[in-house]
Amino acid sequence: MDHRRKMLATASSQAQGPEFIVDRFSDLPVEVAHHILSFLPFKDIGQVGCVSKRCLELYLSYPSLIFNLSHHQRNNMWRRLEAFNYFDKFLANRDSNEIECFRISWDYHSVKFAREFNELLRITTWIRHAARCNVQVLDLDFDTRCRVPLELLPSSISACKSLRTLVINFNWNILKWPSSNFLTNLQCLKLKRVQIEGLELFDKWIPCCKFLKELQLVYVSGIKRMTVISSSLESFSFVLYDRNPLCYLGISGEKLEDIHIQWQCASLSGKSLNIFAPNLKYLKWGGNLMDHQNLGNLMCLEKAEIYLYPKVDESDKVFEVLCSIGRSKVLILNEETMKALCRKSPMPTLDGISYLGLRTSSLSDELFPKMVSLLNGMTTLRKLCITSNPSFIRWRPLDAPDNSSRYNTSCCGSHNLACMHELQEVIIELSNGTNEWKLAKYILEHIRSLKKMVILYSSKQEEDVVLRKKPEMISAATVVFQKK
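Parameters at a glance
- Residues numbered from 1 in each chain as written.
- Predicted model: local features only at pLDDT ≥ 70, side-chain atom pairs only at ≥ 80, totals over all residues.
- Heavy atoms only, no water.
- Helix = DSSP H or I, 4+ residues; strand = E, 2+ residues; numbered from the N terminus.
- Buried < 20%, exposed > 50% of the residue type's maximum accessible area, 1.4 Å probe, protein only.
- Contact = heavy atoms within 4.5 Å.
- Areas by Shrake-Rupley, 256 points an atom, 1.4 Å probe, with all protein chains shown as cover.
- Salt bridge = Lys/Arg side-chain N within 4 Å of Asp/Glu carboxyl O.
- Axes fitted to C-alpha atoms, helices over the stretch in contact; angles between N-to-C directions.
- Parallel < 35°, antiparallel > 145°, perpendicular 65-115°, else oblique.
- Nonpolar A, V, L, I, M, F, W, Y, C, P; charged D, E, K, R; others polar.
- Phe/Tyr/Trp six-rings, centres within 6.5 Å; stacked < 30°, edge-to-face > 60°.
- Pairing = 2+ DSSP bridges.
- Polar contact = N/O pair within 3.5 Å; in protein donor to acceptor, adjacent residues only side chain to side chain.
- pLDDT = per-residue confidence, 0-100.

Let us look at the overall build of the protein. Helices and strands together make up the secondary structure of the protein, namely 15 helices and 21 strands. Burial analysis of the protein (484 residues in total) assigns 48% to the buried set. A separation of at least 24 residues holds for 63% of the contacts in the protein among residues at least 6 apart in sequence. Just so you have it, the protein exposes about 24300 Å², and 51% of that area is on carbon and sulfur atoms.

Encoded structure:
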C-alpha cells in the first residue's frame, strides 16, 4: 500500500505541473547517485550537472574522470583548445574531491598547433592535481609519434601513497623511469608499447615495490636483459614480437601464481628464459622455444597452456617443457607442440591429467596417429576437448572423396584408447575430412564411462551432420550436436 501511495503522489505532483515534480535523484546517497552516473558518457554527466545545485555537486565530486577527445575535437584546432580549457576549468572547480580513477587518452600528432597550446604541460598539471586528490587508478593512453622522452610522471606522483594501479600506453614512445623509489605502494603496473629509458632503475624498482601484485609488460622495447624479482608479485604477463634485442628474461617470485608469456622473435640465437615460481598455478606460454629455458620445479601447477612453434630438431626441448609441467591437471596444446612432442620416442607419460585440450587446424592423417599416441596411457583423463581453427574449415560434401582421412578406428584400438576408463566428457569440433567423426565413433563404441559428447559443426556442415548415422554406443552418454 505504501508503494502505491508513493506512485499516486508522484503522478499527482506531475499532473500539477513541472514545479511540483519531486527530484528523487538529488535525494539519493552520494554513492548511489555516482553509480547511476557511471552508466553515462562523461560528457553527459556534465549536462546532468546543469540541472540543479545538488546535481552540480554530484558532477564535481564524480570520482571517475575521463579525458578523451572526439574525432571532431582531435582534428579541429579550436574545438581541441575548447576541450582543454573546459577540462582545466572543471578540475579547478572540483577542488580537492577525491579521484578514484583518472583516464587520459591524448594524441599529440593530429594538430600541428598542439605544442602552442602547451597540451603536454597541461596534462602534467592534471596528473599533479589527481595526485593531490588521492587518485587510485591512473590510465594514460598517449599517441605522440614523436620519439622523445616523456616525463609525464612528476615528482608529486612519487609521493602519492593512494595510487594502486598505473596503466601506460605510449605507442612506442620513450618513457623516462623516474627512480628506484618511485611509487613503492603500487599494486598493479601495466606498460604497453613503450621504450623504457633508465631500465636499470626499473629493474631496481621492482624489488623495492613491496606491494606489487600484478605486472604486465606488453611490447616493451629496447631491452637486452630483463630480470623480474619480486617477493609480492602474484601475476606476470610478458608479450614481445618481431625483431628485438632482448636475449634474457628472468622471472623470480615465491608468490607468483599466474604467468603469461608470448615471446616470438626472428632469431633465437643466445636467448634464454628462466623461471623460479615454486607456487605457480597457471602457466600460459606461446611463441618460440629459446636456446635455453628453465621452468623450474612447478609442483603446484594446476593449468598449463602451451602454444609453441618448435623447429623439427627441438623435440627434446619440448619434452623437457612437458616434464616440467607434467603435474598439471589441465593441459592445453596447439598442433605444433603436439607434433614435436610425438617425434620423441618413447612418448612421455602424461598420466595425472584430467583435462586435455587440443587446438588444431584439423585432424589430418599426419596429426591423427600423433594425437592417438598422445592420448595413449592417459588413464586419469576425464574431459577431452578438440577444437579447430575456423579459418581452416571448408565445406566438403558427404559423397565427395575424402583423400585426407585414410585412417580407420583400428588405429585407436591399436593404441589402447579404451584404457581411458575415467573419460566422462568429450567435445569435438568438426573440420576437414572425417577423422573427427572416426574418433567420436570409436569413443562412443568403446568408452563405457562416457557421460556426454558434444559435436560442434558449422552451417556448411549441417547437411553432413544430418545424414550421419549414429553409431552403436557402449555407454548411456548424451550426444549433443551443436551448431556454432
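There's more to say after this.
With a phi close to 55°, R193 is a non-glycine residue in the positive phi region. Relative to the helices and strands, R193 is located in strand β6 (residues 188–197). With phi around 55°, Y219 is a residue other than glycine that occupies positive phi space. With respect to the helices, strands and loops of the structure, Y219 is situated in strand β7 (residues 214–221).

Time to look at the pattern of salt bridges. Inspection of the entire model under this criterion finds 11 salt bridges. Among the ionic pairs, R103 bridges to D139, the shortest N-O distance being 3.4 Å. Of the two residues, R103 is situated in strand β2 (residues 101–107) and D139 in strand β3 (residues 137–143); the sequence distance between them amounts to 36 residues. The class for R103 is partly exposed, based on a relative accessible area of 38%.

Turning to helix α4 (residues 53–60), its buried residues number three or more, namely C55, L58, Y59 and L60. In this structure, the buried residues of α4 make contact with α2 (30–37), α3 (42–48) and α6 (77–94).

With their axes 8 Å apart at the nearest point, helix α10 (residues 315–324) and helix α11 (residues 335–342) run at an angle of 105° to one another. Overall, the two elements α10 and α11 adopt an arrangement that is roughly perpendicular. Where α10 approaches α11, its residues S315, V318, F319 and L322 are matched on the opposing element by T337, A340 and L341. Of the residues that constitute the contact of α10 with α11, the class distribution is five nonpolar, two polar and no charged.

Any two aromatic rings considered together are summarised by their centre-to-centre distance and by the angle between their planes. This structure, assessed with the given rule, holds 15 aromatic pairs. Note on F67 and F87: the rings are 5.2 Å apart at their centroids and 65° apart in plane angle, and the pair reads as edge-to-face. Taken together, the residues span a long stretch of sequence, with F67 in strand β1 (residues 64–68) and F87 in helix α6 at a distance of 20 residues. The same class applies to F67 as to F87, namely buried.

It is worth spelling out the pairing of strand β5 (residues 165–176) at this point. With 10 of its 12 residues buried, β5 lies for the most part within the structure. Two strands pair when backbone bridges link them, and β5 and β6 are joined in this way by nine bridges, in the parallel orientation. Following the sheet pairing, T165 is matched in β6 by C188.

Pairing between the strands of a sheet is mediated by backbone hydrogen bonds and can be parallel or antiparallel. As summarised here, the arrangement of the four strands in space is β8-β10-β12-β14, forming an open sheet in which the pairing is parallel. If you trace the sheet from one side to the other, it starts and ends with β8 (225–229) and β14 (292–294), each paired once. The mean angle between the axes of side-by-side strands here comes to 5°, regardless of whether they run parallel or antiparallel.

Consecutive side chains of a regular strand alternate in pointing toward one face of the sheet and then the other. Burial analysis of strand β19 (residues 425–429) places four of its five residues in the buried class, which makes it a mostly covered element. Alignment of strand β18 (residues 383–388) against β19, held across four bridges, turns out to be parallel. Within β19, the position partnered with K383 by the bridge is E425.

Assignment of secondary structure puts E31 in helix α2. It is 9.9 Å that separates the C-alpha atoms of E31 and P63, two residues lying 32 residues apart in sequence.

We now examine the environment of R359. Mapped onto the elements of the fold, R359 is located in strand β17 (residues 355–360). In contact with R359, not counting residues within four places along its chain, are Y307, I332, L333, N334, E335, C385 and T387. Of the polar contacts made by the side chain of R359, one reaches the side chain of T387; its length is 3.4 Å.

Moving on, we come to the side chain of S272. Following the sequence through the fold, S272 ends up in strand β12 (residues 272–276). Overall, S272 belongs to the buried group, its relative accessible area being 17%. In this structure S272 touches C247, Y248, L249, W263, M290 and H292, once residues within four positions along its chain are discounted.

The subject of this paragraph is the confidence of the model for the protein. Residues at a pLDDT of 70 or more form 80% of the protein, whose mean pLDDT is 80. Helix α1 (residues 2–15) is the least confidently modelled element of the protein, averaging 44 in pLDDT, while strand β11 (residues 258–263) averages 95, the highest of any element. pLDDT under 50 marks residues 4–15. Its contacts with residues more than four places away, or in other chains, come to six contacts. In the predicted structure, residues 390–405 sits below a pLDDT of 50 and forms 34 contacts with residues beyond four places in sequence or in another chain.

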